[in-house]
Amino acid sequence: WYTTPGKATIRYDERFAEIFDLPPGQTVPLLDALARVYQGDRDDAAGAATDTVASQGEKHYGDEYQVLRPSDGSLVWVRSTGQMYTGTDDSGRFVG
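Basis of the calculations
Residues numbered from 1 in each chain as written. Predicted model: local features only at pLDDT ≥ 70, side-chain atom pairs only at ≥ 80, totals over all residues. Heavy atoms only, no water. Helix = DSSP H or I, 4+ residues; strand = E, 2+ residues; numbered from the N terminus. Rg over C-alpha atoms; globule rule 2.2 N^0.38 Å. Buried < 20%, exposed > 50% of the residue type's maximum accessible area, 1.4 Å probe, protein only. Contact = heavy atoms within 4.5 Å. Areas by Shrake-Rupley, 256 points an atom, 1.4 Å probe, with all protein chains shown as cover. Lys, Arg positive; Asp, Glu negative; His and termini not counted. Charge placed at Lys NZ, Arg CZ, Asp CG, Glu CD. Phe/Tyr/Trp six-rings, centres within 6.5 Å; stacked < 30°, edge-to-face > 60°. Lys NZ or Arg CZ within 6 Å of the ring centre and 35° of its normal. Expected span 1.5 Å × (residues − 1). Arc of directions from axis to C-beta. Patch = residues over 30% accessible without salt bridge, like charges linked within 9 Å, V, L, I, M, F, W, Y side chains within 5 Å. Salt bridge = Lys/Arg side-chain N within 4 Å of Asp/Glu carboxyl O.

(A) A look at the overall build of the chain. Tallying secondary structure elements over the chain gives three helices and six strands in all. Tracing the chain from N to C terminus, the helices and strands come up as β-β-α-β-α-α-β-β-β. For the chain, the C-alpha radius of gyration of 13 Å lies close to 12 Å, the compact-globule estimate for 96 residues. Out of the 96 residues belonging to the chain, those deemed buried represent 31%. Within the chain, counting contacts between residues at least 6 apart in sequence, those at least 24 apart form 34% of the total. In the form shown here, the chain has an accessible surface area of approximately 6,000 Å², with 49% of it arising from carbon and sulfur atoms. Here the chain contributes 9 positively and 15 negatively charged side chains, and the mean placements of these two sets differ by 4 Å.

(B) Examining the packing of aromatic side chains more closely. Summed over all chains, the structure comprises five aromatic pairs. Aromatic side chains W1 and Y61 sit 6.5 Å apart centroid to centroid with 85° between the ring planes, which places their arrangement in the edge-to-face category. Here W1, found in the segment before β1 (2-3), pairs with Y61, found in strand β4 (residues 60-68); they are 60 residues apart in sequence, far enough to count as distant. Given the relative accessible area of 17%, W1 is considered buried. Put simply, the rings of W1, Y61 and F94 touch in pairs and so form one group of aromatic residues. Lying over the aromatic face of Y2, R93 brings its terminal NZ or CZ to 4.0 Å of the ring centre.

(C) Representation of helix α3 (residues 39-54). Here α3 contains 16 residues, and its C-alpha end-to-end distance of 23 Å stays within 8% of the 22 Å for a straight helix at 1.5 Å per residue. Inspection of α3 places D41, A45, A49 and T52 among the buried residues, and these make up the whole buried set. Buried residues of α3 fall within an arc of 65° about the axis and therefore sit on the same side. In α3, the exposed positions angled more than 90 degrees off the buried face are occupied by Q39, D43, D44, T50 and A54. Those residues of α3 that are buried are in contact with β4, β5 (75-86) and β6 (92-95). Just downstream of α3, Q56 is the residue with a positive phi angle, here 55°.

(D) Region of the structure containing a nonpolar patch on the surface. A contiguous nonpolar patch, built from Y38, L68 and L75 and spanning about 260 Å² of accessible area, is present on the exposed surface. Along the chain, the position of L75 falls in strand β5. The exposure class of L75 is partly exposed, given its relative accessible area of 42%.

(E) Structural detail: unusual backbone geometry. Residues other than glycine seldom take positive phi values, yet D21 does so here, at roughly 60°. Position of D21 among the secondary structure elements: in the loop between α1 (14-20) and β3 (27-29). Residue Q56 is not a glycine yet carries a positive backbone phi of 55°. Among the secondary structure elements, Q56 is positioned in the loop between α3 and β4. You can call Q56 partly exposed: its relative accessible area is 41%.

Right under this line is the structure:
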């Protein structure tokens, strides 16, 4: 998966789609993906991602949280890692 800060969308692969119960190979609003994170874990997951983006590449992202899959109502545990990469023109991409 990856997201470009300021665009509020996330692009993901087939494995992410399977875990988050989303259509494969698409770009969706970041809030749609975040809404799948279990409510009790959502603030921590979003906060960890925000801190990593704000670090401009100085901090690695790592978090564990539950994802609620709407198709069958199951909860699955996810271990997610990522890194913020910035370009010379202050553009960036958060990749996991």
